[in-house]
Amino acid sequence: LLGGRKDLKALTLACGDMKSEYPLLKRLGAKSIVAYDISEGQQQRCLDQVFDGSVELDYRIEDVNHVELEPNTYDLVYMQQSLHHIVEIEKLLERIHTALKPDGIFLLNDYVGEPFLQRGPRQREVCQKIWKLLPERLRIDKDGNFTPDLFIPDKAMLSPFEAIRSDAILPALKANFVTHSEFLFGGIIFPITNNFAPNYQPDNEGDETLIRMLWYLDELMVGNGTVEPTFVRGIYLKKK
């Protein structure tokens, strides 16, 4: 989709130290990148540890909830696991749509599950049943304690902006963009393995088989709507 573009201009938002964003945008051929984040510390980490000077970078400190973007400016906008921290999701996606060139692309890799990582009602029902069938050794937490029921994070231990309005992302995407391609996943395998993945041993044939089965169930049950997705990877085009 980006092939043959000259002077490709990219934008990334709530990008932190750009550890993921900068290498990808560079690999996709960006000649210049405008980046926004609220943290001066993350900006400095980017400049010290990630930025290599090969692509023009304009890193701006601003709250992405209120950012104003130049219209018809960017060939590519990329957000990496950051949109779910934003309160003003609808307004931001509207601004991204406006900021894209007519043939611009919005690339998103993000969490779209239940707000505050609480697992959706269908996820809870299905994954709790699977959880009860797992060997006890796969239900031991990092402190060595057996966990009889499906693990759900305690809201009080989370940042107040952790997936604060994550359930608004998919509807807002559909309202503002044409979907080129979209992969929804993580409805089974994430609730089951999150915080327990170290229990699965890579040299254990049974563990490998179980992971493959969980992934198959994930694709099947997210695909047919039996459980809610946890993540999205998508390519979105500007509506005419």
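Located above this text is the structure these notes cover.
Residues numbered from 1 in each chain as written. Predicted model: local features only at pLDDT ≥ 70, side-chain atom pairs only at ≥ 80, totals over all residues. Heavy atoms only, no water.

Q: Sorry if this is basic, but what is going on with the pattern of salt bridges here?
A: Note that side chains of opposite charge can pair when their charged atoms are close. The tally for this structure, following the rule as stated, stands at 17 salt bridges. Note that Asp 58 is salt-bridged to Arg 60, the shortest N-O span being 2.8 Å. Owing to a relative accessible area of 25%, Arg 60 belongs among the partly exposed residues under this scheme. Residue Arg 165 pairs with Glu 90 through a salt bridge whose shortest N-O separation is 2.8 Å. (Salt bridge = Lys/Arg side-chain N within 4 Å of Asp/Glu carboxyl O. Buried < 20%, exposed > 50% of the residue type's maximum accessible area, 1.4 Å probe, protein only.)

Q: Help me out: how do you make sense of the nonpolar core in this one?
A: Nonpolar side chains in soluble globular proteins generally cluster together in the buried interior. Residues Leu 13, Ile 96 and Phe 106 are the most contacted members of the largest nonpolar core, which totals 29 residues. Of all the secondary structure elements, the ones that give two or more residues to this core are β1 (9–13), β2 (32–37), β4 (74–80), α3 (89–99), β5 (100–111), α5 (169–176) and β7 (231–238). Per element, the largest residue contribution to this core is 5 residues, and it comes from α3. When near neighbours in sequence (up to four residues on either side) are disregarded, Phe 106 contacts Val 77, Met 79, Leu 93, Ile 96, Leu 100, Leu 173, Phe 177, Gly 234, Ile 235 and Tyr 236. By size, the runner-up hydrophobic cluster in this structure holds 20 residues, among which are Met 18, Leu 25, Leu 57 and Tyr 78. (Core = buried A, V, L, I, M, F, W, Y, C linked by side-chain atoms within 4.5 Å. Helix = DSSP H or I, 4+ residues; strand = E, 2+ residues; numbered from the N terminus. Contact = heavy atoms within 4.5 Å.)

Q: Got a minute to help me understand the packing of aromatic side chains in this structure?
A: Scanning the entire structure with this criterion turns up 12 aromatic pairs. Seen in terms of ring centroids, Phe 183 and Trp 215 are 6.3 Å apart; in terms of plane orientation they differ by 65°. Their pairing is edge-to-face. Within this pair, whereas Phe 183 is found in strand β6 (residues 177–185), its partner Trp 215 is found in helix α7 (residues 205–223), the two being separated by 32 residues in sequence. By relative accessible area, which is 31% here, Trp 215 ends up partly exposed. Ring geometry for Phe 185 and Phe 231: centres 5.6 Å apart, planes at 35°, overall tilted. In this pair, Phe 185 sits in strand β6 while Phe 231 sits in strand β7, placing the two residues 46 residues apart along the sequence. Taking the relative accessible area as the measure of exposure, Phe 185 reaches 14% and is therefore buried. Members of the aromatic cluster, connected to one another through ring pairs, are Tyr 111, Phe 183, Phe 185, Phe 190, Trp 215 and Phe 231. (Phe/Tyr/Trp six-rings, centres within 6.5 Å; stacked < 30°, edge-to-face > 60°.)

Q: It is not clear to me how the environment of Gln 201 should be interpreted in this structure. Could you clarify?
A: Along the polypeptide, Gln 201 turns up in the loop between α6 (189–193) and α7. Relative accessible area serves as the criterion here: at 37%, Gln 201 is assigned to the partly exposed category. Residues Gln 201 and Met 79, spaced 122 residues apart in sequence, show a C-alpha to C-alpha distance of 32 Å. Reaching out from Gln 201, the side chain makes a polar contact with the backbone oxygen of Pro 198 at a distance of 3.2 Å. (Polar contact = N/O pair within 3.5 Å; in protein donor to acceptor, adjacent residues only side chain to side chain.)

Q: Any chance you could explain the pairing of β4 here in plain terms?
A: For a regular strand, the rule is simple: side chains alternate between the two faces of the sheet. The element β4 is largely enclosed, with a buried count of 7 among its 7 residues. With 3 bridges joining them, β1 and β4 adopt parallel strand pairing. When the bridges of β4 are listed, Ala 10 appears paired with Leu 76. Crossover connection from β4 via α3 to parallel β5: handedness right-handed. (Pairing = 2+ DSSP bridges. Right-handed = clockwise from strand over helix to strand, strands pointing away.)

Q: Can you help me understand the sheet that holds β5 in this one?
A: Either a parallel or an antiparallel arrangement is found when strands of a sheet pair, and the pairing is made through backbone hydrogen bonds. On the basis of which strands lie adjacent, the open sheet formed by 7 strands has the order β3-β2-β1-β4-β5-β7-β6 and mixed pairing. Whereas interior strands pair on both sides, the edge strands pair on one side only; in this sheet they are β3 (56–61) and β6. For this sheet, the mean angle separating the axes of adjacent strands, direction not counted, is 15°. Bridge analysis of β4 against β5 gives 6 bridges, and the strand direction is parallel. Of the residues in β5, the one forming a bridge with Leu 76 is Ile 105. Relative to β3, helix α2 (residues 40–50) is tilted by about 165°, and along the sheet it contacts β2 and β3. (Axes fitted to C-alpha atoms, helices over the stretch in contact; angles between N-to-C directions.)

Q: Would you mind going over the pairing of β1 with me for this structure?
A: Along β1, 4 of the 5 residues are buried, which leaves the element largely enclosed by surrounding structure. Pairing analysis gives 5 bridges linking β1 to β2, with the strands arranged parallel. Bridge pairing in β2 links Leu 13 to Tyr 36. Between β1 and its parallel partner β2, the chain crosses via helix α1 (residues 21–27), and the hand of that crossover is right-handed.

Q: Would you mind showing me how to read the environment of Leu 69 here?
A: Within the secondary structure layout, Leu 69 lies in the loop between β3 and β4. Apart from the residues lying within four places of it in its own chain, the contact partners of Leu 69 are Leu 11, Leu 13, Tyr 36, Arg 95, Ile 96 and Ala 99.

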